[in-house]
Amino acid sequence: MSVTSEATTLWFGDLHGGSGTTSLDSSDAAEFPVSWAARSQGEAGKTNPEELLGAAHSACFSMAFANGLATAGHTAESLQVTAAVTFDPSVGITGSHLLVSAKVPGISEEDFERLAAEAKENCPVSRALAGIPITLEASLA
(Lines give C-alpha, C1' and ligand atoms only; values in the text may rest on other atoms or scores of the structure.)
Protein backbone atom coordinates (compact mmCIF):
# COMPACT_ATOMS: atom_id res chain seq x y z
CA MET A 1 0.00 0.00 0.00
CA SER A 2 1.44 3.36 -0.94
CA VAL A 3 1.01 6.50 1.13
CA THR A 4 0.92 10.00 -0.28
CA SER A 5 2.09 12.77 2.04
CA GLU A 6 1.38 16.42 1.44
CA ALA A 7 2.65 19.81 2.48
CA THR A 8 1.14 23.11 1.38
CA THR A 9 2.76 26.50 0.97
CA LEU A 10 0.83 29.76 0.85
CA TRP A 11 3.04 32.49 -0.67
CA PHE A 12 2.44 36.25 -0.91
CA GLY A 13 4.38 38.68 -3.09
CA ASP A 14 7.39 38.33 -5.33
CA LEU A 15 10.45 36.15 -4.72
CA HIS A 16 12.71 38.66 -2.99
CA GLY A 17 10.21 40.64 -0.94
CA GLY A 18 7.53 38.04 -0.44
CA SER A 19 7.07 35.40 2.19
CA GLY A 20 4.78 32.59 3.08
CA THR A 21 4.05 29.64 5.29
CA THR A 22 4.54 25.96 4.65
CA SER A 23 2.37 23.55 6.57
CA LEU A 24 2.48 19.81 6.90
CA ASP A 25 -0.97 18.57 5.99
CA SER A 26 -0.70 15.78 8.59
CA SER A 27 -0.57 18.21 11.52
CA ASP A 28 -2.42 21.38 12.43
CA ALA A 29 0.54 22.40 14.61
CA ALA A 30 3.28 22.13 11.96
CA GLU A 31 3.40 25.46 10.13
CA PHE A 32 6.68 27.08 9.15
CA PRO A 33 7.31 30.63 7.92
CA VAL A 34 9.41 30.72 4.73
CA SER A 35 11.12 33.46 2.73
CA TRP A 36 13.78 33.97 0.08
CA ALA A 37 16.01 35.67 2.66
CA ALA A 38 15.81 32.57 4.86
CA ARG A 39 16.78 30.45 1.86
CA SER A 40 19.54 32.59 0.40
CA GLN A 41 21.00 34.26 3.50
CA GLY A 42 19.71 32.39 6.55
CA GLU A 43 17.04 34.44 8.28
CA ALA A 44 16.36 33.66 11.94
CA GLY A 45 12.93 32.35 12.78
CA LYS A 46 12.14 31.16 9.25
CA THR A 47 12.82 27.92 7.47
CA ASN A 48 13.57 27.07 3.85
CA PRO A 49 13.12 24.14 1.48
CA GLU A 50 16.61 22.85 2.22
CA GLU A 51 16.01 22.66 5.97
CA LEU A 52 12.76 20.79 5.33
CA LEU A 53 14.61 18.49 2.92
CA GLY A 54 17.24 17.94 5.63
CA ALA A 55 14.47 16.94 8.04
CA ALA A 56 13.17 14.42 5.53
CA HIS A 57 16.65 13.07 4.80
CA SER A 58 17.66 12.69 8.45
CA ALA A 59 14.38 10.93 9.34
CA CYS A 60 14.56 8.61 6.32
CA PHE A 61 18.21 7.72 6.91
CA SER A 62 17.49 7.03 10.61
CA MET A 63 14.75 4.58 9.68
CA ALA A 64 16.83 2.86 7.00
CA PHE A 65 19.85 2.59 9.30
CA ALA A 66 17.78 1.26 12.22
CA ASN A 67 16.30 -1.35 9.88
CA GLY A 68 19.72 -2.34 8.50
CA LEU A 69 21.13 -2.67 12.00
CA ALA A 70 18.18 -4.80 13.14
CA THR A 71 18.41 -7.03 10.07
CA ALA A 72 22.08 -7.60 10.92
CA GLY A 73 21.15 -8.51 14.52
CA HIS A 74 21.90 -5.18 16.22
CA THR A 75 19.49 -2.84 17.96
CA ALA A 76 20.46 0.81 18.21
CA GLU A 77 20.06 2.35 21.65
CA SER A 78 20.01 5.69 19.87
CA LEU A 79 20.72 7.29 16.51
CA GLN A 80 21.28 11.02 16.21
CA VAL A 81 21.26 12.05 12.56
CA THR A 82 21.71 15.54 11.16
CA ALA A 83 21.33 16.17 7.44
CA ALA A 84 23.00 19.41 6.38
CA VAL A 85 21.63 20.40 2.97
CA THR A 86 23.55 23.13 1.17
CA PHE A 87 21.93 25.66 -1.18
CA ASP A 88 23.81 28.04 -3.46
CA PRO A 89 21.46 30.65 -4.98
CA SER A 90 23.39 30.60 -8.25
CA VAL A 91 23.24 26.80 -8.80
CA GLY A 92 20.66 25.31 -6.41
CA ILE A 93 21.05 22.45 -3.96
CA THR A 94 24.66 21.28 -4.00
CA GLY A 95 24.70 18.43 -1.49
CA SER A 96 23.51 16.75 1.67
CA HIS A 97 25.90 15.76 4.46
CA LEU A 98 24.72 13.14 6.94
CA LEU A 99 26.29 13.41 10.40
CA VAL A 100 25.53 10.36 12.54
CA SER A 101 26.27 9.58 16.18
CA ALA A 102 25.00 6.21 17.33
CA LYS A 103 24.93 3.95 20.35
CA VAL A 104 24.83 0.37 19.09
CA PRO A 105 25.99 -2.21 21.64
CA GLY A 106 28.10 -5.10 20.38
CA ILE A 107 28.69 -3.92 16.81
CA SER A 108 32.14 -3.77 15.24
CA GLU A 109 33.33 -0.52 13.70
CA GLU A 110 33.56 -2.25 10.31
CA ASP A 111 29.96 -3.51 10.40
CA PHE A 112 28.75 -0.14 11.68
CA GLU A 113 30.40 1.75 8.82
CA ARG A 114 29.19 -0.75 6.21
CA LEU A 115 25.58 -0.60 7.42
CA ALA A 116 25.66 3.20 7.61
CA ALA A 117 26.95 3.38 4.02
CA GLU A 118 24.22 0.98 2.87
CA ALA A 119 21.55 3.09 4.57
CA LYS A 120 22.96 6.23 2.91
CA GLU A 121 22.74 4.61 -0.51
CA ASN A 122 19.37 2.93 -0.08
CA CYS A 123 17.10 5.17 1.97
CA PRO A 124 14.31 6.44 -0.31
CA VAL A 125 15.19 10.12 0.22
CA SER A 126 18.84 9.45 -0.67
CA ARG A 127 17.65 7.75 -3.85
CA ALA A 128 15.42 10.74 -4.62
CA LEU A 129 18.46 13.00 -4.16
CA ALA A 130 20.59 11.00 -6.62
CA GLY A 131 21.41 14.19 -8.55
CA ILE A 132 23.48 15.69 -5.73
CA PRO A 133 26.47 14.48 -3.72
CA ILE A 134 25.55 12.82 -0.41
CA THR A 135 28.34 12.47 2.12
CA LEU A 136 28.38 10.55 5.38
CA GLU A 137 30.23 10.99 8.65
CA ALA A 138 29.20 8.30 11.12
CA SER A 139 30.61 7.45 14.52
CA LEU A 140 29.83 5.19 17.45
CA ALA A 141 29.23 7.12 20.66
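Remember, it's a predicted structure, so these values are computed and weren't measured experimentally. (Residues numbered from 1 in each chain as written. Predicted model: local features only at pLDDT ≥ 70, side-chain atom pairs only at ≥ 80, totals over all residues. Heavy atoms only, no water.)

Caption draft 1: Representation of the pairing of strand β3 (residues 31–35) in the model. The sheet contact formed by strand β2 (residues 19–24) and β3 spans five bridges and is antiparallel. Residue pairing across strands places Gly-20 opposite Val-34, the latter belonging to β3. Counting the residues between successive antiparallel strands, the hairpin from β2 to β3 contains six residues. (Pairing = 2+ DSSP bridges. Helix = DSSP H or I, 4+ residues; strand = E, 2+ residues; numbered from the N terminus.)

Caption draft 2: Up close: the packing of aromatic side chains. Applying the stated criterion to the full structure yields three aromatic pairs. Both rings, one in Phe-61 and one in Phe-65, keep their centres 5.4 Å apart while their planes meet at 45°; by these two values the pair is tilted. Here Phe-61 and its partner Phe-65 are both found in helix α2 (residues 49–71), four residues apart, which amounts to about one turn of the helix. Like Phe-61, the residue Phe-65 is buried in the burial classification. Through pairs of rings, three or more aromatic residues link up here, namely Phe-61, Phe-65 and Phe-112. Cation over ring: Arg-39 sits above Phe-87, and NZ or CZ is 4.3 Å from the ring centre. (Phe/Tyr/Trp six-rings, centres within 6.5 Å; stacked < 30°, edge-to-face > 60°. Buried < 20%, exposed > 50% of the residue type's maximum accessible area, 1.4 Å probe, protein only. Lys NZ or Arg CZ within 6 Å of the ring centre and 35° of its normal.)

Caption draft 3: Structural context of helix α3 (residues 109–122). A rise of 1.5 Å per residue sets the reference length of α3, with its 14 residues, at 20 Å; its end C-alpha atoms lie 20 Å apart and thus fit the reference within 8%. Every buried residue of α3 is accounted for by Phe-112, Leu-115, Ala-116, Ala-119 and Lys-120. The arc that holds every buried residue of α3, seen down its axis, measures 140°, which confines them to one face. Looking at the buried residues of α3, the elements they touch are α2, β5 (92–103), α4 (124–128) and β6 (134–140). (Expected span 1.5 Å × (residues − 1). Arc of directions from axis to C-beta. Contact = heavy atoms within 4.5 Å.)

Caption draft 4: Representation of α2. Across its 23 residues, α2 extends 33 Å between first and last C-alpha, which sits within 8% of the 33 Å expected from 1.5 Å per residue. Inspection of α2 places Glu-50, Gly-54, His-57, Ser-58, Cys-60, Phe-61, Ser-62, Phe-65 and Leu-69 among the buried residues, and these make up the whole buried set. The inward-facing, buried residues of α2 contact α1 (36–40), β4 (78–88), β5, α3, α4 and β6. For α2, the N-terminal capping position is held by Asn-48, with its side-chain oxygen 3.0 Å away from the main-chain nitrogen of Glu-50. In the stretch just after α2, Gly-73 is the one whose phi turns positive, near 90°. (Polar contact = N/O pair within 3.5 Å; in protein donor to acceptor, adjacent residues only side chain to side chain.)

The values reported here are purely geometric and, on their own, carry no functional implication.
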